[in-house]
Each structure stands twice: as structure tokens, then as C-alpha cells.
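If you want the building blocks of each chain, they are given just below.
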Amino acid sequence: MSNSTVRSAGSDVRPSRPAGPGAPQTPGPRAAERRRKRAREPQRRFRGVVSPQTLSTPHGKVIYWIVLITVVALFTAVFVFPLYWMVTGALKSADEFAQMPPTFFPKSVDFGVYKEAWDQLDLGLFLRNTLIYAAGAWFFTLAIDVTAAYALSKLRPVLGKLVLALMLSTLMIPPMVILLPAYLTVKDLPIFGFNLLNTPWAIWLPAAANGFFIFLLKRFFDSIPRELLEAAEIDGAGPVRILWSIVLPVSRPIIGVVSILAVVNVWKDFVWPLLVLPDTDKMSISVGISSLSAQMPQNVLMAALVIASIPAIVVFFIFQRSIMAGLTAGSLKG
């Protein structure tokens, strides 16, 4: 083969040069595969009755907002209407309250019915009793449930998992099933033989034995780093000192939630105080209003119910964010 032939053959083959910044890039197989995945991703992400393309149109947006506003307004009306009916019913006269068909707006507003309800039903006594029961239930709930959750979470006693499982199993039992055994226990306290009827202890002790609160507290305590407690142990702190100085300060969110729920549970409870507090001077607000309801006009009774509901409603509106934050606290680690 001559040199000219080799030279002519080599002239047709040129070395590849790197493409400039403006030159088009040829996609490789991996880039093409990623592009296909991105094309399929919206189909997997958005699956429903109406496609995102339909909702992005002006007609779809109008339908979306109409459906959303209708559903929100309907659910709001269902939950708020009983409260509205109670408040407006208290402002009506006795004749207007019994009128058929009922009126949705009072014809004449009279706020004096609230003072009449306060005086006739002796709401001051019932509110004071309920406040004492709620405060004691709050104290004993924190004293018993916090220490129990701390022991199950950090001290890890023998058979601790079994004890926790037994506590959680009580949540599966309907409250009406254990109502009679609990009443017999309060009437004749085992070992000691005390009769706790018509005493605040009949409210305080059962309120403190709450497996749900122990579970919430334990889940939060589990999220506290173990290294923090070990460092305190190296410094010579005992279990009680660690609980008081380290665990409780960092557990304020969940302790606040447990406190609110404990107080509200006692405030709204009816069946248990009705059984264990038969004396009129010892009744809670819900039992006291129910016992005197037959002697009162309906508008006065509604006014009493409004007064009894105010403390619980105020507590909920003030601490609703803390309730939701504390219920989710400790659910995720990391």
C-alpha cells in the first residue's frame, strides 16, 4: 500500500473535538431514562377524580372553590350550630323558647337571664366544687403519670413492656364496662377499707389512672437523648434529680397537653360524678345543673349551660395550638 493511499484514507478521519458551550449535547441513555421517569412522575403523583389539568382551567377553579367552601361551611355549621342554639336559646323568653316552629334569632335580647341562672341554680357553689376536683385531678395526674412514664421509658424496670401493654389494653375497654367495678372500689377501697364517696378522692384517684396519658408521656420521654441523662449520671445525679432537673424542663409541651386534657376531662364528666358525689353540696357543675333542670325554665337552663361551658371553651381556644403540638411531639425521632 502506497503512502498516498494511506494519506488519502487518513484525511477522511478527523479526531473528535470537545463540543463548545453553544453546541447541542447528545443525551446519553441515563439522561433519557431520567427524562422518561420525570414524564411518568406526574401521573403517579396526581391521581384522583379530577386531573390537575382540569383544575387549572378557569371552569375547574370555580368548581373547586365552590365544592371546598360548601364542604367547609357544612361541617362548620354541623359543629357550631349546637353552640349557637344554646347561646341564642338563653337569650329568648320562656314562651319564645317553647314556640313551634322555633325562631333562629331571639326577638328580644335579655341578658338578665344569666344572673337569674347564677342565683337560682347556685352556680357559684358548683363551679367552686368543679374547680377543686379539676385542680386535684391535674396534680395527681402529673404526679402519678409522669413518674410512671419516666420509669417505663428511662429506668426500664423488669416486665416494663408487659406493664405498658396492660395499661394500653385498658384503652380498649369501654368506660361503661368498668363503671361498676370502679364504683365498688371507691366505695370500699381495697386493703385500707375507706369509703371515698362524697369526697374529692373519688374524682382524683380514678382521673390519675389514665393509660393514654402515660403512653403520651412515655413517647415523648423516649425522644430525649440518652446521652443527656448519662452525662447527668456521671455528674452524680440520681433518677429523681434527673427527672426534676432535666426531663421535666424539656417536656413542657407534652406536660401542658396532659394538664389541659386532665382538667377538661374532669370539667365535662357527668356519669362518674353523678355516682360518687350524690350530695348536693358536693356536686360538680354538670351534675348540679342536671339535678335542678326539672325545676327551671328552659331559657334559664340554657343560660346555666352557657356559663358552665365558658371555662372549657376558653381553655381550648387559648391552648389549641399547644394541644396539637403536644400530641405530635415525640412521634418522630431525629
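This one's a predicted model, so the numbers in the text were calculated from it and none came from an experiment.

*Asks:* Lay out the overall build of the protein in plain terms, naming residues and giving numbers.
*Replies:* When helices and strands are counted, the protein shows 17 helices and 0 strands. Among the 334 residues that make up the protein, the fraction classed as buried is 29%. Within the protein, contacts between residues at least 6 apart in sequence are counted, and of these 69% link residues at least 24 apart.

*Asks:* Tell me about the pattern of salt bridges, residues and numbers included.
*Replies:* A full pass over the atoms with the stated rule returns 2 salt bridges. The salt bridge partner of Lys115 is Asp119, with a shortest N-O separation of 3.1 Å. Remark: Asp119 and Lys115 occur in helix 6 (residues 112-120); sequence separation between them is 4 residues, near one turn of the helix. A relative accessible area of 58% means that Lys115 is categorised as exposed. Among the residues examined, Asp119 registers a relative accessible area of 47% and is labelled partly exposed. The partner of Lys218 in a salt bridge is Asp222, and the shortest N-O contact between them spans 2.9 Å. Here Lys218 pairs with Asp222, and both are found in helix 11 (residues 211-222), just 4 residues apart, close to one helical turn. Neither Lys218 nor Asp222 differs from the other in exposure class; each is buried.

*Asks:* Give a detailed account of the side chain of Glu96, specifying residues and quantitative values.
*Replies:* For Glu96, the position within the fold is in helix 5 (residues 94-97). There is a polar contact of 3.1 Å between the side chain of Glu96 and the side chain of Thr103. Residues in contact with Glu96, not counting those within four places in the same chain, are Thr103, Phe105, Pro106, Lys107 and Ser108.

*Asks:* Explain the nonpolar core residue by residue, including any values.
*Replies:* One finds Tyr114, Leu123, Val186, Ile203, Val276, Ile285 and Ile289 to be the most contacted residues of the largest nonpolar core, which totals 43 residues. Broken down by element, the residue count for this core peaks at 8 residues, all from helix 17 (residues 298-328). The contact partners of Ile289, leaving out residues within four places of it in the chain, are Leu123, Leu301, Ala304, Leu305 and Ala308.

*Asks:* Give me the packing of aromatic side chains: which residues, what numbers.
*Replies:* Inspection of the entire model under this criterion finds 12 aromatic pairs. Between Tyr64 and Trp65 the ring centres are 5.5 Å apart and the planes differ by 75 degrees, which places this aromatic pair in the edge-to-face class. A ring pair is formed by Phe192 and Phe194, whose centres lie 5.9 Å apart and whose planes are at 20 degrees; its orientation type is stacked. Judged by its relative accessible area of 57%, Phe192 falls in the exposed class. One aromatic cluster is present, built from ring pairs that chain together Phe81, Tyr84, Trp85, Phe104 and Phe105. Lying over the aromatic face of Trp85, Lys92 brings its terminal NZ or CZ to 4.3 Å of the ring centre.

*Asks:* Would you mind going over the packing of helix 7 (residues 123-155) against helix 13 (residues 239-250) in detail, with residue names and values included?
*Replies:* In the contact formed by helix 7 and helix 13, the axes pass within 12 Å of each other and the chain directions differ by 100 degrees. Judged on the interaxial angle alone, helix 13 and helix 7 are roughly perpendicular. Residues Val146, Thr147, Tyr150 and Leu155 of helix 7 lie in contact with helix 13, whose contacting residues are Pro239, Ile242, Leu243, Val247 and Leu248. Within the contact of helix 7 with helix 13, the residues separate by chemical class into 8 nonpolar, 1 polar and no charged.

*Asks:* Could you give an account of unusual backbone geometry, with specific residues and numbers?
*Replies:* A cis geometry characterises the amide bond from Met100 onward to Pro101, with omega recorded as -5 degrees. Summarising the element assignment, Pro101 is placed in the loop between helix 5 and helix 6. Despite not being glycine, Arg156 has its phi angle at roughly 50 degrees, a positive value. Tracing the backbone shows Arg156 in the loop between helix 7 and helix 8 (160-169). The exposure class of Arg156 is exposed, given its relative accessible area of 62%.

*Asks:* If you had to explain the packing of helix 8 against helix 11 to someone new, which residues and values would you point to?
*Replies:* Close contact between helix 8 and helix 11 brings their axes to 8 Å; oriented N to C, the two are set at 130 degrees. Between helix 8 and helix 11, the angle falls in the class oblique. Seen along the crossing, helix 8 lies across helix 11 with a hand that is left-handed. Within the contact between the two elements, helix 8 uses Leu164, Met167 and Leu168 and helix 11 uses Gly211, Ile214, Phe215 and Lys218. By residue class, the composition of the contact of helix 8 with helix 11 is 5 nonpolar, 1 polar and 1 charged.

*Asks:* Requested: an account of the environment of Ile313, with residues and values cited.
*Replies:* When you line up the elements, Ile313 lands in helix 17. Considering only alpha carbons, one finds Ile313 and Val264, 49 residues apart in sequence, at a separation of 9.5 Å.

Analysis parameters
Residues numbered from 1 in each chain as written. Predicted model: local features only at pLDDT ≥ 70, side-chain atom pairs only at ≥ 80, totals over all residues. Heavy atoms only, no water. Helix = DSSP H or I, 4+ residues; strand = E, 2+ residues; numbered from the N terminus. Buried < 20%, exposed > 50% of the residue type's maximum accessible area, 1.4 Å probe, protein only. Contact = heavy atoms within 4.5 Å. Salt bridge = Lys/Arg side-chain N within 4 Å of Asp/Glu carboxyl O. Polar contact = N/O pair within 3.5 Å; in protein donor to acceptor, adjacent residues only side chain to side chain. Core = buried A, V, L, I, M, F, W, Y, C linked by side-chain atoms within 4.5 Å. Phe/Tyr/Trp six-rings, centres within 6.5 Å; stacked < 30°, edge-to-face > 60°. Lys NZ or Arg CZ within 6 Å of the ring centre and 35° of its normal. Axes fitted to C-alpha atoms, helices over the stretch in contact; angles between N-to-C directions. Parallel < 35°, antiparallel > 145°, perpendicular 65-115°, else oblique. Nonpolar A, V, L, I, M, F, W, Y, C, P; charged D, E, K, R; others polar. Left-handed = near helix turned anticlockwise from the far one by under 90°.

Interpretation in functional terms is not warranted from these geometric data alone.
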